[in-house]
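# Structural characterization, general
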Amino acid sequence: VQLQASGGGLVQAGGSLRLSCAASGRTFSNYGTGWFRQAPGKEREFVASIMRSGGSTYYADSVKGRFTISRDNAKNTVYLQMNSLKPEDTAVYYCAAGRVVGLYQVQYDYWGQGTLVTVSS
């Protein structure tokens, strides 16, 4: 699976962005997907995941209630809607895919290249 993330940019605190991750190469509906992020000087961390069918979603506590992950298997795309953004959300955001996904990076076999989100105060 090849993954291409897009939608990052500069936004003021309190604003919104929607990230997209387009998949190609294999049957997208066979894979769960997730979003991770890496802030400057920090390790990459889990943000959200969604199962193959889109029926189950999971979120890091830091984004719960503000971010929403969704997917459109017909378009081979997963989305991350980010609302009420905070400066601490500034990071490079990565999408990833795997057969059985969850909170841990080792559960993902395929990674996109990342898209930068910068939230100004």
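Quick note: structure is the one above.
Structure report, in brief. (Residues numbered from 1 in each chain as written. Predicted model: local features only at pLDDT ≥ 70, side-chain atom pairs only at ≥ 80, totals over all residues. Heavy atoms only, no water.)

## Concerning the pairing of strand β3 (residues 17-24)
Our working definition: Each pair of strands is called paired provided DSSP finds at least two bridges between the two strands. Put simply, DSSP marks the helices as runs of H or I at least four residues long and the strands as runs of E at least two long, and each gets a number from the N terminus on.
Taken together, the five bridges between strand β1 (residues 2-6) and β3 define a ladder with antiparallel strand orientation. Across the sheet, Q4 pairs through a bridge with A22, a residue of β3.

## Description of the pattern of salt bridges
Note the threshold: Salt bridges are identified by distance alone: a Lys or Arg side-chain nitrogen within 4 Å of an Asp or Glu carboxyl oxygen. In this scheme, a residue with accessible area under 20% of its type's maximum is buried, one over 50% is exposed, and one in between is partly exposed, where area comes from a 1.4 Å probe on protein chains only.
Considering all chains together, one arrives at four salt bridges under this definition. Close ionic contact of R37 with D89 constitutes a salt bridge, the shortest N to O distance being 2.9 Å. Placement of R37 in strand β4 (residues 32-38) and of D89 in the loop between β8 (77-82) and β9 (91-98) is noted, with a sequence separation of 52 residues between them. Across the pair, exposure class does not vary: R37 and D89 are buried alike. The residue D89 makes a salt bridge to R66 at a minimum N-O spacing of 2.8 Å. Of this pair, D89 sits in the loop between β8 and β9 while R66 sits in the loop between β6 (57-59) and β7 (67-72); the two residues are 23 residues apart in sequence, bridging distant segments of the chain. A relative accessible area of 0% means that D89 is categorised as buried. Of the residues examined, R66 reaches a relative accessible area of 11% and is grouped as buried.

## Some remarks on the state of the cysteines
Stated formally: Here, two cysteine sulfur atoms that lie within 2.5 Å of each other are counted as a disulfide.
If you walk through the whole model with that rule in mind, you get one disulfide. Residue pairing for C21: its cysteine sulfur links by disulfide to C95, the two sulfurs lying 2.0 Å apart. A torsion of 60° about the S-S bond marks the disulfide between C21 and C95 as right-handed. Of this pair, C21 sits in strand β3 while C95 sits in strand β9; the two residues are 74 residues apart in sequence, bridging distant segments of the chain. Judged by relative accessible area, which is 1%, C95 ranks as buried.

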